[in-house]
Every structure is written in structure tokens, then in C-alpha cells.
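So you can see what is in the structure, the chains are spelled out below.
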Amino acid sequence: MLKVMLVDDEVTILEGFKRLFDWEAYGCTVVCEACDGVMAVNQARTYQPDIIIMDINIPVMSGLEALRLIREQNRDCACIIVSGYDEFEYCREALRLQITDYILKPVAYFAFTQKIGRAIAKLKKKTKNSVVIQIRGGVLRLDASDIYYVESQAHNLIYHTKDGIFVASGTMKQAEELLRGMHFSRGNKGYLINLEHVQGVRDKCAVVQGEKLLISRPRTGAFMQELTRYWSEAD
């Protein structure tokens, strides 16, 4: 079940959020509620919700500031903000915080259900295409589409991702098995490249996020076939 947190300083609105959507039918459960920003941050830390629906204008700490702190501890949750103000500054800050969606008050049933349903669909798709890697001191879940390429060095695997570089123990063969069926291709014995992020091939190198990754001669034919097939399917 996906865990949901609801945040608003008006009890009637919190009750409305619970009644407007058939959470259980979509595999969700409301695990916690909060009526101010500080409570929201603490509840998010305790319950680690998958979906957060939060009013911007709440006491003690604003909704956007609370979400900024929550994002530091939970990068993967879907955040939907609710506001009575359709202001550019709010929208710009929301984009910076990677907010999933924005709902204006008064909340309409159709808009609410449509946007919640869309967020749930994205979360389920993301979970389906995520992988868990062993890193020093624990484990990390990564969305496969956020991985640019995997590099093998000695007995380590270096994951170059949208959110930074992460080092895990293991072999390239293990990385290939973990990412099988997710559009990754070996450029050479040291690189496993996400075809989604290949911008082109120049000078015998795959260009990924501006970096040139050498394609070995034995792998050139297979890599180009896999890349061409991926591009044709993506179109």
C-alpha cells in the first residue's frame, strides 16, 4: 500500500481530502495528518509517506518550507500542493522542489481525483523500474531512468546518476543482471550505459550528459544495434 500524508490547518478540509478520493481502491492508505509545517516535517520523518498533499498556507512553517525539509529526507515521494493563490512565485518555487502537481482552492472533485490518480500511476511505474544497490553503510533505491551509466573500477561499481555519484560493491556482470530489461547496454568492459541518456555517438564514443564514453571495437556493432532499436521504439 502507498502511504499518504495530508496537511492542512482546517479540519474540515482534511476530512474532505479523505472523502474526495477512494484511497483504498487505488492501493493507498492515509497514515498521518498534520495541521502545521513543523508537524508535517516530523510526521514525514516518522512515516516516510509516498504521497504528500499539503496546503501552502499553514501556520508555524509554510508548506513550501516544510516540503523543502521533507525533500532532504525523502526524495522519492510525490508532493501535491494546494493553495488559494495562483501566483507565479509559488509555482516557480514548487518547480524547484520538484512538486508533482498543484491544486487550487476551492478543490474540485474531478481535478483532485485526476491529479491524485496521475501521481499514483507515476509512483507505481517508478517503483516497477527501480533498483536497490548496496552502498557503504546501507542500501539505496534508484530509479533506473535516473542512472546515466555504471562504471566498473576494481571491485566497485560507480553509479553516475541524476542525483550524484554512488559507489557500490560488485561486478559489472551483477550490474547487468540487476538492470536487465531496462535499456542498458555495454559500451565496453568498463561501462554499462543507459540508452535513454545517449545524446549521440561521436569519435567512437557514446555521448552521455556531455561525457564521452568509449565504445570498444568488439562492442560497437551490438551497441549501435541496441541504440538504434531503442531510439526507434522511443519514437
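Residues numbered from 1 in each chain as written. Predicted model: local features only at pLDDT ≥ 70, side-chain atom pairs only at ≥ 80, totals over all residues. Heavy atoms only, no water.

Trainee: Break down the sheet that holds strand β3 (residues 51–55) for me, citing the residues and quoting the values.
Mentor: Spatially, five strands are ordered β2-β1-β3-β4-β5 in an open sheet, and the strand pairing comes out parallel. What marks the edges here is a single partner per strand, and that holds for β2 (28–34) and β5 (101–104). For this sheet the average axis-to-axis angle between neighbouring strands, irrespective of direction, equals 20°. Strand direction decides the pairing type here: strand β1 (residues 2–7) and β3, joined by four bridges, are parallel. Each bridged residue has a counterpart across the sheet, and for Val4 the counterpart in β3 is Ile51. Here helix α1 (residues 11–20) sits on the sheet and contacts β1, β2, β3 and β4 (78–83); the angle it forms with β1, its principal contact strand, is near 150°. Most of the contacts of helix α2 (residues 37–47) go to β2, to which it runs at about 140°, and overall it touches β1, β2 and β3. (Pairing = 2+ DSSP bridges. Helix = DSSP H or I, 4+ residues; strand = E, 2+ residues; numbered from the N terminus. Axes fitted to C-alpha atoms, helices over the stretch in contact; angles between N-to-C directions. Contact = heavy atoms within 4.5 Å.)

Trainee: Would you mind going over the pattern of salt bridges in detail, with residue names and values included?
Mentor: Any two side chains of opposite charge can pair, on the condition that their charged atoms come close. Counted by the stated rule, this structure contains nine salt bridges. Linking Glu177 and Arg180 is a salt bridge whose minimum nitrogen-to-oxygen distance equals 2.8 Å. Note on Arg180: relative accessible area 56%, which makes it exposed. For Glu226, the salt bridge identified is with Arg219, shortest N-O distance 3.6 Å. Residue classification places Glu226 among the partly exposed positions, given a relative accessible area of 23%. (Salt bridge = Lys/Arg side-chain N within 4 Å of Asp/Glu carboxyl O. Buried < 20%, exposed > 50% of the residue type's maximum accessible area, 1.4 Å probe, protein only.)

Trainee: I'd like a description of the packing of α2 against helix α3 (residues 63–73), backed by residues and values.
Mentor: Their axes nearest at 9 Å, the elements α2 and α3 cross at an angle of 15°. The orientation of α2 with respect to α3, classified from their angle, is roughly parallel. Between α2 and α3 lies a crossing whose hand is right-handed. The residues of α3 that touch α2, namely those facing Gly37, Ala40, Val41, Ala44 and Arg45, are Ala66, Leu69, Ile70 and Gln73. Residues that form the contact of α2 with α3 fall into these classes: six nonpolar, two polar and one charged. (Parallel < 35°, antiparallel > 145°, perpendicular 65-115°, else oblique. Left-handed = near helix turned anticlockwise from the far one by under 90°. Nonpolar A, V, L, I, M, F, W, Y, C, P; charged D, E, K, R; others polar.)

Trainee: Can you break down the state of the cysteines residue by residue, with the values?
Mentor: One pass over the structure, following the stated rule, counts zero disulfides. Considering cysteine sulfurs only, Cys32 is the nearest to Cys35, which forms no disulfide, with 12 Å between them. Of all cysteine sulfurs, the one in Cys79 lies closest to Cys77, which takes part in no disulfide; the gap is 3.5 Å. (Disulfide = S-S within 2.5 Å.)

Trainee: Describe the sheet that holds strand β15 (residues 211–214), naming the residues involved and giving the relevant values.
Mentor: Within a sheet, each strand pairs with its neighbour through backbone hydrogen bonds, oriented either parallel or antiparallel. The strand order across the open sheet formed by three strands is β13-β14-β15, and the pairing between neighbours is antiparallel. Two strands lie at the open edges of the sheet, namely β13 (198–202) and β15, each paired on one side alone. Mean inter-strand twist for the sheet, computed between neighbouring axes without regard to direction, equals 30°. One ladder, built from four bridges, connects β13 with strand β14 (residues 205–208); its direction is antiparallel. In the strand pairing of β14, Val198 is matched with Val208.

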